[in-house]
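Take a look at the letters that make up each chain.
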Amino acid sequence: MTHSQKLTPEALADLRERYRKERERRVRPDGARQYLAAEAEFGYYAADPYAGAAAAREPVRDRVDVAVVGGGFGGVLAGARLRRLGVARVRVIEKGGDFGGTWYWNRYPDIHCDIESHVYLPMLDETGYVPEWKYAPGAEIRRHAVRIAEKSDLYADALFSTAVTSLSWDDASGAWLVTTDRGDAFLATYVVTATGTLSELKLPGIPGIERFAGHTFHTSRWDYAYTGGTVDGGLTGLADKRVGIVGTGATGIQVVPKLAEDAGHLYVFQRTPSTVDVRANRRTTARDVGADRHGWATERRDNFLRIVSGERAEEDLVADRWTSSAALLEKLLPSFRRPDDRAAFEAAYEVADAAKMNEIRARVEEIVTDPDTAEKLKPWYRYACKRPTFSDLYLQVFNRDDVTLVDTADTHGIERMTERGVVVGDTEYVLDCLIFATGFSVGVSGIHSGRLPVHGRGGTRLRDAWAARGPHTLHGFTSNGFPNLIQLGGTQSASSVNYTHVLDEHAVHAAALVAAAEATGSLIEPSRETEDAWIAGLAENAADHEWFHAECTPGYYNAEGRGRPGGPTAYPHGAVAFHALLKRWREESMHQALRPRDPARS
Ligand code: NDP
């Protein structure tokens, strides 16, 4: 079906059938078990390539007000918001050598954020910073995390190149004992975990992966010593090399054009093509974004969130492909609203979706000259099945003679690896280097995976408590039995594509909880009944978009084609409503999460 073809009922039925077949080509019986954890199971990356060996220091054995686990945007924002409420001792503990989180580790060539910088970079109103490009490069984003940390005086107490190894609640001292891999053992009255969703690298468990004798690395630990060059390109070390890359998600799409420029020959191993929409990056001025007005950034960020969450907005300030596609996203992002006539709504939605996907597929045809290659690059699934990507360079790469697209869908990905290279079907592709743009275990924080053990009251492990009865929280932040522990950006809350905005709202909430507990001499700990009521509310609408994900092509949105994990995992009315709910709750019902400090009195 082409872009211009009319979306008749027959055409839509054909499309449905095509999507089903394409999904079948990719679903694997091993689901999410097809991946290896890069560090734990593959032994990759014990060392930090940017900070080098950590400088020796004495172990810390004191008491602070708040320990913040993780120095990405979540941790930096939690620290900044706590400081603004007057909390004196905030200690951020971070594995990397500096603040930045995902933007600290990911420094691959041409790394940018594809969410507009004026809404992605948090606290622009507070810091006075105005980004110069519509879509900022990674280094600028990292510098901004540092800027917020500096302005909030977070360096003084921070521990870098340090991983928290356990968190244990101590009733006697009314504090958490925090231990680390550097021998630290200190107390913190409160703990905020901001361990991120994109921190655990994954590699495909391709049979024979360990036999490959060539060079390998993951995009989030780019090996410039091997490739030469910088984030801007000039990868001269690859000039005579046969280079392979696995993965064509948001990372692969950004990095492939730079690899194509410099590799002797580039093989792109693709399983599922991304939707590659227009990016149109450009310089902007303060005037363009209205940065002369107080509060401009907060207003712009709220406007973006409203639009991508399907809420009504007077105007579209960002006006890019995220917002122009929002008519589609509206129906499927968590703000999904129950229409009166469900069947009519679904039918209208399907037409809108097909029109958008036809536009995406037509773009492939327009740009890629070889029809066979173009066919392989066309995505056959509904728009919101995978995270959309944006590039004005990626598809063009496949018109080069020194780039080969290898479609691996029929074999559910690369079949196996040998000492010399990669096998797909009957062909062995001999390679000098294979780069994994295979992403992260999305949503798996150290706390949920158990890699960071958390022992609450009476020594109960959070993981065991949740394994027995499913995750139990109030708003995703706090849990009964785990006093003064606040989890950021986690389960049973609401998320958005503009994740730093979500983190900032959560950081504001975390800081308010700490301030309220301090002001009233309380512990932060919701009752079981309060948690149960919250979870019951989540469950009411939770099933609404299950059907959609169940029919999608596999990916981390749907647990690799198996549907979402059991239990309500998200607030069903979207981030805008969730943030409003939190604000109202802070004003009216904060006592629900507080209890007297002495448990004997409760
Ligand atoms: P993703 O998880 O999105 O993509 C992984 C890729 O690896 C997919 O194309 C996947 O194919 C492929 N893959 C995995 N296993 C195999 C296999 N055995 N054989 C062949 N291909 C395989 O990782 P990314 O690093 O691209 O993105 C991670 C996260 O970071 C996402 O949330 C993304 O949105 C975010 N990000 C955001 C950016 C931004 O600008 N805001 C920039 C970059 C990343 P398949 O689809 O078939 O599973």
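For clarity, every value in this text was computed on a predicted model and none was experimentally measured.

Asks: Looking at this structure, I do not really get the sheet that holds strand β9 (residues 242-246). What am I missing?
Replies: To summarise the sheet geometry, strands pair through backbone hydrogen bonds and adopt either a parallel or an antiparallel arrangement. Strands sit in the order β8-β17-β9-β10-β13 across an open sheet of five strands; the sheet is parallel. Each edge of the sheet is formed by a strand with only one pairing partner; in this case those strands are β8 (215-218) and β13 (403-407). Strand-to-strand, the axes of this sheet are offset by a mean angle of 20 degrees, without reference to chain direction. Relative to β13, strand β10 (residues 265-270) runs parallel, the two being bridged by five bridges. Bridge assignment links Gln270 to a residue of β13, and that residue is Asp407. Most of the contacts of helix α8 (residues 250-262) go to β10, to which it runs at about 155 degrees, and overall it touches β9, β10, β13 and β17 (433-436).

Asks: For this particular structure, what's the right way to read empty space enclosed by the protein?
Replies: Rolled over the atoms, a probe with the dimensions of a water molecule shows which regions are left empty. What the rule picks out here adds up to six cavities of 30 Å³ or more. Along its surface, the largest cavity is lined by Asp110, His112, Ile253, Gln254, Pro257, Arg279, Phe390, Ser391, Asp392 and Leu393. Here the residues of the lining of the largest cavity sort into four nonpolar, three polar and three charged.

Asks: Just checking my understanding: could you explain the site of the ligand for this structure?
Replies: The local shell around the ligand holds 26 residues, among which Thr251, Thr272, Lys386, Arg387 and Tyr556 are the closest. Taking 920 Å² as the accessible area of the ligand by itself, protein coverage stands at 90%. In terms of residue count, the dominant contributor to the shell around the ligand is α8 (three residues). Counted by class, the shell around the ligand contains eleven nonpolar, eleven polar and four charged residues. Taken domain by domain, the makeup of the shell around the ligand includes at least three residues from each of domain 1 (9-37 + 202-279 + 354-436) and domain 2 (63-200 + 442-530 + 576-601).

Asks: I tried to follow the state of the cysteines on my own but got confused; where do I start?
Replies: Two cysteines form a disulfide when their sulfur atoms are joined by a covalent bond. For the structure on display, the rule yields one disulfide. Cys385 shares a disulfide with Cys552; S-S distance 1.9 Å. The chirality of the disulfide connecting Cys385 with Cys552 is left-handed, given an S-S dihedral of about -80 degrees. Here Cys385 is found in the loop between α13 (371-377) and β12 (389-390), whereas its partner Cys552 is found in the loop between α18 (546-550) and α19 (574-588), with 167 residues between them in sequence. The exposure class of Cys385 is buried, given its relative accessible area of 5%.

Asks: Explanation requested: α19 in the structure shown.
Replies: Each full turn of the α-helix corresponds to 3.6 residues, which orients residues three or four apart in the same direction. Helix length check: α19 (15 residues) gives 21 Å between terminal C-alpha atoms against 21 Å at 1.5 Å per residue, within 8%. Along α19, the residues classified as buried are Gly574, Ala575, Val576, Phe578, His579, Leu581, Leu582 and Trp585.

Asks: Looking at this structure, how should I read the packing of aromatic side chains?
Replies: As enumerated under the stated definition, the model contains 19 aromatic pairs in all. Look at Tyr571 and Phe578: their rings are 5.4 Å apart centre to centre, the planes differ by 45 degrees, and that puts the pair in the tilted class. Neither Tyr571 nor Phe578 differs from the other in exposure class; each is buried. An aromatic cluster of three or more residues is present, and its members are Tyr50, Tyr104 and Trp105. In this structure, Arg107 is placed above the aromatic ring of Tyr50, and the distance from its NZ or CZ to the ring centre is 3.8 Å. The ring of Tyr129 has Arg147 sitting right over it, with the charged end atom 3.7 Å from the ring centre.

Asks: Before we go on, may I ask you to explain the packing of helix α2 (residues 73-84) against helix α16 (residues 499-520) in this structure?
Replies: Two quantities define a packed helix pair, namely the angle between the helix axes and the distance between the axes. Put simply, α2 and α16 touch, their axes get as near as 8 Å, and they point 40 degrees apart. In terms of their interaxial angle, α2 and α16 are classed as oblique. Considering the relative orientation of α2 and α16, their crossing is right-handed. Residue-level contacts link Phe73, Gly74, Leu77, Ala78, Arg81 and Leu82 of α2 to Thr500, Leu503, Asp504, Ala507, Val508, Ala511 and Val514 of α16. Taken together, the residues of the contact of α2 with α16 sort by class into nine nonpolar, two polar and two charged.

Asks: Sorry, what's going on with the layout of surface pockets here?
Replies: Space inside the second largest pocket adds up to approximately 310 Å³. What lines the second largest pocket is a set of 18 residues, and nearest its centre among them are Arg16, Tyr19, Glu350, Arg382 and Glu551. Elements that contribute at least two residues to the lining of the second largest pocket include exactly α1 (9-26), α12 (342-367) and α18. Classifying every residue of the lining of the second largest pocket by side-chain character gives nine nonpolar, one polar and eight charged.

Asks: Would you mind showing me how to read the pattern of salt bridges here?
Replies: Two side chains that carry opposite charge are able to pair once their charged atoms sit near each other. Under the criterion given, the structure shown has 39 salt bridges. Measuring nitrogen to oxygen at the nearest pair gives 2.7 Å for the salt bridge that ties Glu116 to Lys134. Residue Glu116 is found in the loop between α3 (102-105) and α4 (117-120), and its partner Lys134 is found in the loop between α5 (124-127) and α6 (138-151); the two are separated by 18 residues along the sequence. Overall, Glu116 belongs to the buried group, its relative accessible area being 1%. Lys134 sits in the buried class, given a relative accessible area of 3%. Through salt bridges that share partners, Arg18, Glu22, Arg25, Arg26, Asp407 and Asp410 make up one connected network.

Asks: When you look at unusual backbone geometry in this model, what are you seeing that I'm missing?
Replies: Most peptide bonds adopt trans geometry, and most residues besides glycine take a negative phi value. Positive phi outside glycine occurs at Asp153, with the angle close to 55 degrees. The residue Asp153 is located in the loop between α6 and β4 (164-170) in this model. Within the chain, His475 stands out as a residue other than glycine whose phi angle is a positive 65 degrees. Considering the arrangement of structural elements, one finds His475 in the loop between α15 (462-469) and β19 (485-487).

Asks: Explain the nonpolar core to me, please; I cannot follow it from the model alone.
Replies: Most often, soluble globular proteins keep nonpolar side chains buried together rather than apart. One finds Ile245, Leu259, Leu266, Val268, Tyr394 and Phe398 to be the most contacted residues of the largest nonpolar core, which totals 100 residues. The element that contributes the greatest number of residues to this core is α16, accounting for nine residues. Shared between two domains, this core takes at least three residues from each, and those domains are domain 1 (9-37 + 202-279 + 354-436) and domain 2 (63-200 + 442-530 + 576-601). Apart from the residues within four sequence positions on either side, Val268 is in contact with Ile245, Thr248, Val256, Tyr394, Phe398, Val403, Thr404, Leu405 and Val406. If you look at the next biggest cluster of nonpolar residues, it comprises 22 residues, including Leu167, Trp169, Val178 and Ile447.

What counts, and at which threshold
- Residues numbered from 1 in each chain as written.
- Predicted model: local features only at pLDDT ≥ 70, side-chain atom pairs only at ≥ 80, totals over all residues.
- Heavy atoms only, no water.
- Pairing = 2+ DSSP bridges.
- Helix = DSSP H or I, 4+ residues; strand = E, 2+ residues; numbered from the N terminus.
- Axes fitted to C-alpha atoms, helices over the stretch in contact; angles between N-to-C directions.
- Contact = heavy atoms within 4.5 Å.
- 1 Å grid on protein atoms, 1.4 Å probe; cavity = no way out; pocket = protein on both sides within 12 Å on 5 of 7 lines; lining within 4 Å.
- Points joined across faces, edges and corners; volume = space filled by probe spheres on them.
- Nonpolar A, V, L, I, M, F, W, Y, C, P; charged D, E, K, R; others polar.
- Near = heavy atom within 4 Å.
- Areas by Shrake-Rupley, 256 points an atom, 1.4 Å probe, with all protein chains shown as cover.
- Domains from an automatic or database assignment.
- Disulfide = S-S within 2.5 Å.
- Buried < 20%, exposed > 50% of the residue type's maximum accessible area, 1.4 Å probe, protein only.
- Expected span 1.5 Å × (residues − 1).
- Phe/Tyr/Trp six-rings, centres within 6.5 Å; stacked < 30°, edge-to-face > 60°.
- Lys NZ or Arg CZ within 6 Å of the ring centre and 35° of its normal.
- Parallel < 35°, antiparallel > 145°, perpendicular 65-115°, else oblique.
- Left-handed = near helix turned anticlockwise from the far one by under 90°.
- Salt bridge = Lys/Arg side-chain N within 4 Å of Asp/Glu carboxyl O.
- Core = buried A, V, L, I, M, F, W, Y, C linked by side-chain atoms within 4.5 Å.

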